[in-house]
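Fold and geometry: a report
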Amino acid sequence: MFVKKLVEKATRKHNGGGGINGLKAEEVRPRLVFHYGVPPESSSLAYDPIQHILAISTRNGVIKLLGKDNSQALLQSEAASPSKFMQFMENQGILLNVTSHNHIEVWNIDKKQVTHVHIFNEEITSFVVVQQSFYIYVGDCLGNVTVLKLDNTLQCLVKMPYKIPPSESCGTQTEADSDTAVIFSSPQPLAESKRVLIIFRNGLISLWGIQESKVLLVAGGNAQHSSQEPKLVVSASWACVFGSKVVVGYSSGDIFLWAIPVFLDHNSEALRNHKDSYASQNVPLLKLNLGYKMDKVPIVSLRWFAHDESSGHLYVNGFSDSGSSHSFQVIIINESTQTRTIKLVLPLTEPCLGMEIVSCFSNQSKNKQNTLVLLLRSGRLCLYDDSAIEQYLLHCQSKSPPTLPKQFMVTLPFGDSRITAAKLYIGPSSPVEEDHILLPNKYSSLFSINMKEKDGSRRSSAHFSGFSKAKNLLVTGHVDGAINFWDASCPLLFPLLSIEQQFNESCASSTAPVTSLHFDVSSHILVSGDQSGSIRIFIFKKLQETSESIFSFLQAKQGDNYTVHNVNLKGAIMSISMNMDSKLLAVGTDKGYVSVIQMEGTTILYQKQIPGQVYSGIMSLQFVNHGQNGSENSILLVGMEDSSVLALEEDSGHALSANPVKTKKTCKALLMHILDASPNGVCTSDCVDTSKQSYSKQLMQKQPLVLICSENAIRLYALSHVLQGIKKVYSKKKLDGSCYYASIIHGSSLDVGLALVFSCGKMEIRSLLDLAVLNEVSLRGLTYPTLKSPPNANSIFCVSSEGEILLVNGDQALLFISVLSHREIYRHLEYITNVYMEGLAPQEGTSCMKNPQKERKKGIFGMVVKDLKGNKTKHGKENDADDSSISEELSALFSTVNFLHSDETRCSSVVNNEDVELDIDDIDLEDTKEKHKGLNLAVLDKQKLGKKLHALKGTVGKLKLNIEEKMNSRKDKHEEEKDISAVDKIKQKYGYATNDESNTVKMAESKLRENVIKLKAIGLRTSEMQNTAQTFSSLAKELLQSTQGSKST
């Protein structure tokens, strides 16, 4: 019953109606339904380790998201700009993308839309998100570090008052002509709310105290390099979970490991329990010699991932601008790195643009598997098992060195080889019950490095319980000659049947690529042609139809449900047509041969070569029954690749005219199709007076037409004139651009339209017969073939008659595009496009830096912590408390102005709206009283201290105004005094302060600066005393519990 419906539907589209009706604008809505795979021209990566989402940005502004269980989504902004930086706000559903125009896009992953675009005035050179908070450090080319905050409610970026200018962060080593662009700005591990490390392009390393708002450490810089050529910093990364080491890569190929002190308190007393802290500030702790310096290969990127608290893996990526020299290495960083270097050089054939360590999680698997994902310059993804890399590094210096880790290239899991031909068949709408249950484990994973999982599902036979609910069928031919059948009801595609090309002595090649496919659903006959000229005819056995599925004939055991016949022809197969009434098969090759084969017995009825001008291939073949003046003839219409059309007698192959219908200028043809509206399936051409002006319109309405679409134009011919060889075009439309694919589509009311795809990525939908543009859409992120490309290279299109388009972009991506707006035909779209899972709790070990317990002062409490370290405790609430405390501390610090502008320092402040006469001597914060033992937390209130500090800052302007007024009054008096020196008179004349005035101002400012420092010190001591008290209380409770537990045991 199902097959009968499909056949009737196809018959009505070919034979229905009393006129040719074109599609209407309201019926057309081209849109990308689903994108599967990796987009081309990929340029950078980002990863959310909690949500397990991998983001891939491209050079044309497209961002692809790959989530758990094959969930995928495509993000496209209006501004098609490449990405400079891209980073997730982990587990927040927010992706931040910095474009080449220095615009920061805020993407809502759940809604898949841009919620805000922040325009940055300077060139952004570094971009780091402070995780577990909503703050971002943005470094620019001038050396500034700007703090941005994400307003999670409005989902927009807000610039904070806190800033780090280069005049303060560079310390005393600022060079006027040096490159102070910020390359690296990242919070120090375990001190995210206290310190941030800033590394400039000139090599200067600055450790900035956030609370103190000053530099705590300055190291490096080009001044300390002895070489003539300065070393420019290209990349950097932390190399220790405690934040005591940082590794820096330079443009010269050098890799230095610098020691960063871990401070305990505001007095800048460094932690001395690590020997790294004893290293000199201007001498690196270690110089890694990995071979990059010999060829001066810049170290483009450095990434460090912790293995435990004392060691980790450093991933080093270096390549030159030309790409001639490139190397990707993995080394172990631990205590013995200074004496020996254990490394692994990955054998990459091209430079690497980005890398991430991805945890391959799935809901049906409890095992965690880390995978190294490398983005190559060609845009392809390369995978390595990270555990295999670790095993190699651990045993590479043994007597029997292990084999190199295996490399996996990410390709579409749809067959063992690339798809070269495809046909899509959409079943009619029926009241069959939908299958709303999606089982992700039955689909092959795109990033699987387990070959059994990746290939095993494809080799399953056609015994699948879901046949009765399958709606759509996709048939694909592959470069190795294999043919696969897929259930296309869901865009993930499920394998149904695989037919591998068997070796045949009569065939020229046993593994030639499939170049053409033709499948007749009603007769269950599949015909395939390959590059070697081999034709295979598969005749599937007709079984008793127990279901209304289009796949019922595939349910038999593989190999027993069909018979195959082979025929060898001259040239690669380009086109196939079938006439089931006469049981004839027409085949065209790239050498201009047209062969007509009798399917019963597979004998060649005749073979005819048609000469061409520039292009010699047979682009299209179509059988047609034509009746004229009461007689009916069976005709084979041949569309040449050079846009010429010739009519042959079906039985004999004789040409009906001496010359084919040709264009004035030779151009490559893409499509030939007969437009016919006759009710009985016979194309009739009535005699019409061609001298009348209304002949063209009358002919177009009533006569069968031949549509020829080439790369630059669309032409309509009358079928009667084509049969007679008359070169007369009745309608022509030039195309705006170079078209490389065309197909006929049918609407729900049997209206006809034309789909065109251009090399620029534009898709047009035109109506017939006026050829007007109904709608168009841009398909970004595709690779398109050129005139010199081999057949079936790059993108492969297949279009169903219902306007469903399937685009196969090499072995990297698969695009599902719907043209008509009347219905949605794919299942589970809402599920497979949802990459973000709200409310997901972070799992242990999701970060690249394992967070150990924060360092505490040694003593009896440190010994207690050491004794209790082996006990199993729940740290979830503690971690949440730490995260919230970090966010709160940063919020308090970044909400205040730490450096005033020059114009702001001149403004006066009014306290409580009252003018109060202030003097610098009225401010006294000297701590001269005797200090009592203990800690009075009630007296030390942070909020009161903050208000006092704010009021104190407000008095600065008032104080300076009083001083200026006094100075002005003194100037009037000095004009009458005779004992003024000549130098002071000159200063007064040009508006400069005298010696006494400047001394007074300097004394006031110095006094005020000292008081501000003291207030800050009081606030820091208060917070540390509170932390000490809380630590003492928690440790005492743990000690008591441990003692009680030991007594009970």
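Residues numbered from 1 in each chain as written. Predicted model: local features only at pLDDT ≥ 70, side-chain atom pairs only at ≥ 80, totals over all residues. Heavy atoms only, no water.

Looking at an unreviewed UniProt entry, the protein chain carries the name Lethal giant larvae (Lgl)-like C-terminal domain-containing protein, with the source organism given as Musa acuminata subsp. malaccensis. Note on the protein chain: under the UniProt heading Sequence similarities (unreviewed entry), the record states "Belongs to the WD repeat L(2)GL family." (UniProt positions renumbered as here; feature names shortened; annotations may be inferred.)

Assigned secondary structure in the protein chain consists of 12 helices and 56 strands. Within the protein chain, the fraction of its 1049 residues that count as buried is 52%. Within the protein chain, contacts between residues separated by at least 24 positions form 58% of all contacts whose residues are at least 6 apart in sequence. For the protein chain, the exposed surface amounts to about 50100 Å²; the carbon and sulfur share of it is 49%. (Helix = DSSP H or I, 4+ residues; strand = E, 2+ residues; numbered from the N terminus. Buried < 20%, exposed > 50% of the residue type's maximum accessible area, 1.4 Å probe, protein only. Contact = heavy atoms within 4.5 Å. Areas by Shrake-Rupley, 256 points an atom, 1.4 Å probe, with all protein chains shown as cover.)

Next up on the list: the sheet that holds strand β14 (residues 182-187). One open sheet accounts for 4 strands, arranged β14-β15-β16-β17; its pairing is antiparallel. Of all strands in the sheet, those with a lone pairing partner are β14 and β17 (214-220), marking the two edges. Taking each pair of neighbouring strands and ignoring which way they run, the sheet shows an average axis angle of 15 degrees. The pairing of strand β15 (residues 195-200) with strand β16 (residues 204-209) spans 5 bridges and is antiparallel. Within β16, the residue paired with Arg195 across the bridge is Gly209. (Pairing = 2+ DSSP bridges. Axes fitted to C-alpha atoms, helices over the stretch in contact; angles between N-to-C directions.)

Summed over all chains, the structure comprises 9 salt bridges. When the shortest N-O distance is used, the salt bridge between Glu356 and Arg303 registers 3.3 Å. Of this pair, Glu356 sits in strand β26 (residues 352-359) while Arg303 sits in strand β22 (residues 299-306), and the two are 53 residues apart along the sequence. Look at the salt bridges and you will find they share partners, linking Lys231, Asp254 and Lys293 into a network. (Salt bridge = Lys/Arg side-chain N within 4 Å of Asp/Glu carboxyl O.)

What follows is about the sheet that holds strand β23 (residues 312-319). Across the sheet, which stays open at both edges, the 4 strands sit in the order β22-β23-β24-β25 with antiparallel pairing between neighbours. Unpaired on one side and paired on the other, β22 and β25 (343-346) mark the two borders of the sheet. Strand-to-strand, the axes of this sheet are offset by a mean angle of 20 degrees, without reference to chain direction. Relative to β23, β22 runs antiparallel, the two sharing 7 bridges. Of the residues in β23, the one forming a bridge with Ile299 is Gly318. Helix α3 (residues 386-395) rests against β23, β24 (326-333) and β25 of the sheet, and its axis sits at about 130 degrees to β25.

A separate point is the pairing of strand β8 (residues 103-108). With 5 of 6 residues buried, β8 is to be regarded as a mostly interior element. Note: strand β7 (residues 94-99) against β8, 5 bridges, orientation antiparallel. Each residue of the ladder has a partner; that of Asn97, found in β8, is Glu105. With antiparallel pairing between neighbouring strands as the criterion, β7 and β8 make up a hairpin whose turn holds 3 residues, including Asn102 at a positive phi of roughly 60 degrees. Relative to strand β9 (residues 113-119), β8 runs antiparallel, the two sharing 6 bridges. Note that in β9 the partner of Val106 across the bridge is His116. Taking the residues that link successive antiparallel strands as the turn, the β8-β9 hairpin has 4 residues, and the phi of Lys112 there is positive, at about 60 degrees.

Turning next to α3. Within the sequence span of α3, burial applies to Asp386, Ile389, Tyr392 and Leu393. Take α3 and look down its axis: the buried residues cluster within an arc of 115 degrees, on one side only. Contacts made by the buried residues of α3 are with β23, β24, β25, β26, β27 (370-376) and β28 (381-385). (Arc of directions from axis to C-beta.)

Next up on the list: the confidence of the model for the protein chain. Model confidence for the protein chain is summarised by a mean pLDDT of 76, while 68% of its residues fall at 70 or above. Here residues 902-949 is modelled with pLDDT under 50, and outside its nearest four sequence neighbours on either side it reaches 49 contacts, counting other chains as well. Across residues 971-979, confidence stays below pLDDT 50; counting only partners more than four residues off in sequence or on other chains, it has 3 contacts. (pLDDT = per-residue confidence, 0-100.)

Looking at the element boundaries, Ser523 is found in the loop between β34 (514-520) and β35 (525-530). Looking at Ser523, its side chain comes within polar contact range of the side chain of Asp520, at 2.5 Å. Ignoring sequence-local partners within four residues, the contact set of Ser523 consists of Lys542 and Met580. (Polar contact = N/O pair within 3.5 Å; in protein donor to acceptor, adjacent residues only side chain to side chain.)

With that settled, the discussion passes to the state of the cysteines. Here the structure, examined in full by the defined rule, presents 0 disulfides. This cysteine, Cys760, is not joined by any disulfide, and Cys739 carries the nearest cysteine sulfur, 9.7 Å off. What makes Cys760 exposed here is its relative accessible area of 60%. (Disulfide = S-S within 2.5 Å.)

Time to look at unusual backbone geometry. Non-glycine residue His524 carries a positive phi angle of around 60 degrees. With respect to the helices, strands and loops of the structure, His524 is situated in the loop between β34 and β35. The phi torsion at Thr602 lies on the positive side, around 50 degrees, for a residue other than glycine. Note that Thr602 resides in the loop between β40 (593-598) and β41 (603-609).

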